[in-house]
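A structural walkthrough
Spelled out from the first residue to the last, the chains are:
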Amino acid sequence: MKFSQFLIRRLLYSILVLLGLSILIFTIARILPGDPARLALGPFAPEEQVEHLRHKMGMDKPLPLQYWNYIRGLFYGDLGLSFVTRRNVALDITHYLPATVELITMAIFWVFVIGVPLGVLSARYKDGWLDNTSRVIAFVGVSVPPFVVGLIGQLVFSYVLGILPTTGRLALLTPTPPTITGLLLLDSLIAGNFGTFGDALKHILLPSFAVAMTGIGQITRITRAGMIDVLNKDYIEAARAFGIPDCYVTFKYVLKPSFIAPMTILGLSFASQLGNAFLVETVFAWPGIAKYGIRAILRKDFNAIMGVVLIIGLAFVMVNFIVDVLAGYIDPRIRIQEETIEE
Amino acid sequence: MKNKQRVLSSVNSEFTTTQWMVLKDKVGRAWYRFRRNPISITGGSIVLLVILLAILAPYVTPYPQHAGAFTDFLNAFQAPSKSYWFGTDEIGRDIFTRVIFGYRISLMLAVIVLGISVPLGVILGLTAGYFGGIIETIIMRITDVFLAIPPLLMALAICAAFTPTIEKAMLAIASIWWTWHCRLVCGITRSIKTEEFVQASWVIGDSHFRIIFKDILPNCMSAIIVKITLDAGFVILVGAGLSFLGLGTQPPKSDLGTMISYGAQYLPTKWWPTVFPSFAILFLILGFNLLGDGLRDMLDVETGGI
Amino acid sequence: MKRFSILLVTLLVLLAGFGCVGQAAEQNILVMSVNQEFGTIDPARGSDYTELLAMYNIYSTLVFPDSAGVSQPKLAESWTASPDGLTYTFKLKKGVKFHDGSELTAEDVKFSMDRMLALRDGYSWLWSKIIKETTVEDSYTVTFHLSKPFGPFVSTLPLFSIVNKDTILAHKEPGEFGEFGDYGSHWLSVTETEDAGSGPYKLKAHDRGHKIVFERFPNYFEGWPHGDKSVDEVHIVLLHENATVKMMLRKGELSLVDHYRTYEDYQEMDSYPNAKAIAFDSSYIVAAKINTKIAPTDDIHIRRMLAWAFDYKMVTDVIRKGSPQARGVIASTIPGHNPRVFQYHYDLDKAREEMMLSKYYPNIPDVVITYPSGTEDRRKMALLLQESLTKIGVNLVIREEEWGRITELVTTVETTPNICITSQTPTYPDPDALLYAMYHSDAAGTWMSSEWLQNPIIDQLIDQERVTVDKEERMHIMNIIQQIIIEDCPDIFIDNMVVHNAMQNYVMGLTWRPIMSAWYYFHDLWFEK
């Protein structure tokens, strides 16, 4: 089918998923037992005060109406008020999201910078010591819980060796650079503040690595498998037979097709990074969306829960959309057999 | 899909002697390949060891009563020693014993979650792939929605709504897990649907039910088995994550995730309540992953994933 | 590979170079840890310990308790109460400045109370049914007109902060309060650098979920007796992980540690050469609150059995060494404590005797115990009780629950667990704060009243003490109430949790005040370097 048709289909499908997601989470959040108004006001607030808050939050209207109001509000950027902070959830999210974005971006960076070369070299020197070592690393990577990586890393590098900080994004007394993107690494560079940049980098090293561990393991193995596959293809043998130098063969003919494999699981990898972020943010007191989300769930902050899940769902759907489109663009076969369930 | 095994369904649905011999031969060869692969041997041994330890827990642990209602505050935080191999925790209980009992809970988690989600996912996947059309679209879209949420978040939300017990955690994970098997089986079904032997059964007049269970399902089995093994590891990992966040077992029981979470407060001076359960859980998950990988090589299957 | 390793080395070198970010500290900066976020810093809305902490430092109140819990003049120079207890007149100090330089007058006091009652948030419930009207007599005199006498009235005033009327109105936005708009609610909820207070510190920065910064207000009306040694800036940082807190204290990055860490942590921090841990006899009471209305704890013999089966000494000598065992519900640090109230001790034989007198004997149903997750010491107590009860054949089922879930479970009798271990401290320094909140039928349905006592005699006595204005008489009634309570045994009164704080050796002056967060009054502190 034409590419534009493919694009539109994918877009519609993404919107459908988001809608379904919003209904699902809305229903769950609303039927969760618990009275967040009471929770927010404390035990002594008289019933009428609680009622007043409930009314203000619109919790006394029928469910479908609440949902409709909520969806309508979304288009105005109004995600409702958080019970805990009494502010617009959208504000809260813009405050906490950059930290998690930075964490996951850094993690994905590690995944590709470490995982792909490792996988390539593994395939290149198949069954050698490098291959075996990297396979062990990959196995451990997918087997170890990310909070364990975080805790052990903290133990070794922060407490015992003392070379890395334990928690947070910056040392306590380091001034935060003026907020432009919310990503400390970028903001400090833009402000020309190299000291802060270095400090932020030191702080993000361990957490992002903990998040990336699973991804590194996955990508290494997928890249390796993909490359081995390609290396066995006839046209590679032909190229070699023609006397084309090995380096050239590797980079021009092998690498590009090998990238398809890791890319297809990028969407999956992103999901697992996000999941890992929840655990790692807890260990490192990273003020991100995951911590905010957990707190919202525990305090039954409905609007905050909705906001967080929607944002995560949105991000997820967007990433999948981009990956699918890219894959469809690069590999026409995928466009043709539209619904390959090769996830 | 490479090297599918063709299991023909006979009209009387009985295994003839030839079929028995073929099966035995296949199993024998598979076992040979399994034995020669260091990955599968290591994985299999680990899993077997842990399962044995877990089953025999009251007999192989030095202080089985420490896994129950027991306090000994005067012996709290003993470093690892001859009497307490992994040291004691903040209540004075032997950590080695509790780790072994913790394995019980991890394994039970895997059994229950997979026991629920696999049959559910397989049946839905077979249905979707076989009947195609609108049924498939609906089922696939539902799975998409569930897959759009990181499993941990979904499990958290469900868990936090009710009393945080390990059972709720299992249910929460199971409620998402079926989607993976569903997609897997759906994909396999779709490709097998067009094969000759399935067409043959149609022509003969076998009912849909028979075709699905006699022709299609057996061809999915290898992929499902491999996925279950790999899933076991992943389910235990997610379960540990949930209990680390505080949604696990109730005292005095402790699963490994909860033990790590409680122990983390006492780092770095009292490292043993955290470090030993951490390595214990890594050990088990690694075992399942190695085993799954080995099985996959052995059965020569693509599960279309990790 | 080579290129990769070169890149790696360069990165490491950069890290080492840029990692050292120091800060020239000519100012006295206090860095404090807390384990809970600041939800709101609007004094009419706050009720959590962190919110109160901010309130006491940024805003001022009419009175403020001293170490014994007695209300001392703060913004108020003096006050009088009418004999019928319906009118309280306060004379304000002159020349008190808000942070913006304007003077604090009776107008601001009236405005603040009207605002508090109108917003119906935070602690407004303390006064919503009691204060009829607030009137301004002259610039420095304000009168509260009550609809009925309320004995503890003055004790509750530390929770009432005075806001700057002009500043609030200058930032008002459209709202439901007529000419007052939204009473400045939105502005106060989003501002990160401004406040409407007159307290010793101004809000300098608020990085939500991470830290909040206060800076000294030089023109604070109480002056700065410690001069240069006073604390110039306070950074309060959210840190959940005890291990991090300890390490930062050791490295000198933290100056003051909050009181929510584990007992072992404070021992360890005390051993650091640069730090010390101090302990306060607090007004906290840690009690296992027993639901008196569901089986089997509706039977007084079962309740007494529980009280005899608890190993108090293990708590006071090992788990939380130094904390005195509780004697009745009111701690000895609060005026009004009755020292002659009966005290249980660990005696399994007596426990067994009580058990055999119970109507449920010999098949005692399971007893369910709950406590908030994240509280180490209470988990230990639950396990302790479970072990003891196993010895006499009773099964205790432990359910650790999220705090949010607990507050929800206790709203009805049937869902409230048999036992709930919580710690509470009086909201205002008067026994009424605990007695009313825990035992009066009107206060039913909250985590503080999970006993569901519903005893008409107690109700009557509490009502009486609330409307009694004469101090002696009130204390007498409250003594009687404490006696009756202990006989009915609706709680296992465990200990008066000693409050620990850890800090650098040079931090001096932390002064105990027996209400929530009031001892974190940074104006008291100075650095001895």
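Parameters at a glance
Along each chain, the written sequence defines residue order, and numbers are assigned to residues from 1. The naming scheme follows written order: chains are lettered A onward, ligands numbered 1 onward. Local features in this predicted model are restricted to residues whose pLDDT is 70 or higher, and side-chain atom pairs enter the listing and the counts only when it is 80 or higher, whereas totals over whole chains, interfaces and linings include all residues. Every helix listed is a DSSP run of H or I at least four residues long, and every strand listed is a run of E at least two residues long, numbered separately from the N terminus. Using C-beta atoms placed from the backbone, we call a residue buried if 20 or more other C-beta atoms fall within 10 Å of its own, exposed if 12 or fewer do, and partly exposed for counts in between. Here, residue contact means that the backbone-derived C-beta atoms of the two residues sit within 7 Å. The span expected for a helix works out to 1.5 Å for each residue beyond the first. Whether two strands pair depends on DSSP finding at least two bridges between them. Axis geometry follows a simple rule: fit a line to the C-alpha atoms, using only the stretch in contact for helices, then measure angles between N-to-C directions, giving values from 0 to 180 degrees. Known as pLDDT, the predictor's confidence for each residue is given on a scale from 0 to 100. Here roughly perpendicular refers to angles of 65 to 115 degrees, roughly parallel to angles under 35, roughly antiparallel to angles over 145, and oblique to all remaining angles. Crossing handedness is defined as follows: a turn of the near helix away from the far one that is anticlockwise and smaller than a right angle gives a left-handed crossing, while the clockwise case is right-handed. For this classification, the nonpolar set comprises Ala, Val, Leu, Ile, Met, Phe, Trp, Tyr, Cys and Pro, the charged set comprises Asp, Glu, Lys and Arg, and every other residue, Gly included, is treated as polar.

1. A word on the overall build of chain B
- When you go through chain B residue by residue, the secondary structure sums to eleven helices and zero strands.
- Going residue by residue from the N terminus, the α and β elements of chain B occur as α-α-α-α-α-α-α-α-α-α-α.
- Going through the 306 residues of chain B one by one, you find that 53% of them count as buried.
- Pairs at least 24 residues apart make up 72% of the contacts formed inside chain B by residues separated by at least 6 positions.

2. Digging into helix α13 (residues 376-391) of chain C
Residue and element names in this part refer to chain C.
- Helix length check: α13 (16 residues) gives 23 Å between terminal C-alpha atoms against 22 Å at 1.5 Å per residue, within 8%.
- Of all 16 residues in α13, 13 are buried, a share of seventy percent or more.
- At the C-terminal side of α13, Gly 393 shows a positive phi close to 90°.

3. Quick notes on the pairing of strand β6 (residues 87-92) of chain C
Residues and elements named next belong to chain C.
- Burial of β6 is one-sided: the residues Tyr 88, Phe 90 and Leu 92 facing one way are buried, the residues Thr 87, Thr 89 and Lys 91 facing the other way are not.
- Of the pairings in the sheet, the one linking strand β5 (residues 76-81) to β6 comprises five bridges and is antiparallel in character. Bridge assignment links Trp 79 to a residue of β6, and that residue is Phe 90.
- Turn length for the β5-β6 hairpin, with the two strands adjacent in sequence and antiparallel, is five residues, and the turn residue Gly 85 shows positive phi of about 75°.
- As defined by bridge partners, β6 adjoins strand β8 (residues 141-146) across five bridges and the pair is classed as antiparallel. Residue pairing for β8: Lys 91 is matched across the bridge by Thr 141.

4. Focus: the sheet that holds strand β19 (residues 491-495) of chain C
Residue and element names in this part refer to chain C.
- Strand order in the open sheet made by the five strands is β17-β16-β18-β15-β19, with mixed pairing throughout. Edge positions in the sheet fall to β17 (396-401) and β19, since each of these pairs with one other strand and no more. Averaged over all neighbouring strand pairs, the angle between strand axes comes to 25°, with direction disregarded.

5. Quick look at the confidence of the model for chain B
Residues and elements named next belong to chain B.
- Mean pLDDT over chain B works out to 80, with 86% of the residues at or above the 70 mark.
- No element of chain B has a lower mean pLDDT than helix α6 (residues 151-161), at 64, and none a higher one than helix α2 (residues 38-55), at 90.
- A low-confidence stretch, residues 1-13 stays under pLDDT 50, and its non-local contacts, those more than four residues away or across chains, total 15 contacts.
- Segment residues 302-306 is flagged for pLDDT under 50; beyond a separation of four residues in sequence, or across chains, it makes 13 contacts in the model.
- On the interface metric, ipTM, the complex scores 0.77, and its pTM is 0.79.

6. Re the packing of helix α7 (residues 146-160) of chain A against helix α11 (residues 272-299) of chain B
- Contact pair α7 of chain A / α11 of chain B: the axes reach a minimum separation of 10 Å and the direction vectors enclose 140°. As the angle between them shows, α7 of chain A and α11 of chain B are arranged oblique. The handedness of the crossing between α7 of chain A and α11 of chain B comes out as left-handed. Contact with α7 of chain A, carried on its side by Val 148, Leu 151 and Ile 152 of chain A, involves Thr 274, Ser 278 and Leu 282 of chain B of α11 of chain B and no other residues of that element.
- Counted by class, the contact of α7 of chain A with α11 of chain B contains four nonpolar, two polar and no charged residues.

7. A look at the sheet that holds strand β11 (residues 211-216) of chain C
Residue and element names in this part refer to chain C.
- Across the sheet, seven strands lie side by side as β10-β11-β12-β1-β13-β20-β14; this open sheet has mixed pairing. Whereas interior strands pair on both sides, the edge strands pair on one side only; in this sheet they are β10 (201-207) and β14 (275-280).
- Pairing of β14 with strand β20 (residues 499-504) involves six bridges; the strand directions are antiparallel. Its bridge partner lying in β20, Ala 279 is registered against His 500.
- Running at roughly 145° to β10, helix α2 (residues 49-58) makes contact with β1 (29-34), β10 and β11 of the sheet.
- Sitting on the sheet, helix α9 (residues 263-270) is in contact with β13 (256-257), β14 and β20, with an inclination near 135° to β14.

8. Considerations on the confidence of the model for chain A
- Confidence along chain A averages 76 in pLDDT terms, with 79% of residues attaining 70 or more.
- When the criterion is pLDDT under 50, residues 338-343 of chain A qualifies, and its contacts beyond four places in sequence or with other chains add up to ten contacts.

9. Here we look at the environment of Leu 383 of chain C
Residue and element names in this part refer to chain C.
- Relative to the helices and strands, Leu 383 resides in helix α13.
- On the basis of neighbour counts, which here come to 22 C-beta atoms within 10 Å, the residue Leu 383 falls in the buried class.
- Distance in space between the C-alpha atoms of Leu 383 and Leu 396 is 9.0 Å, their sequence separation being 13 residues.

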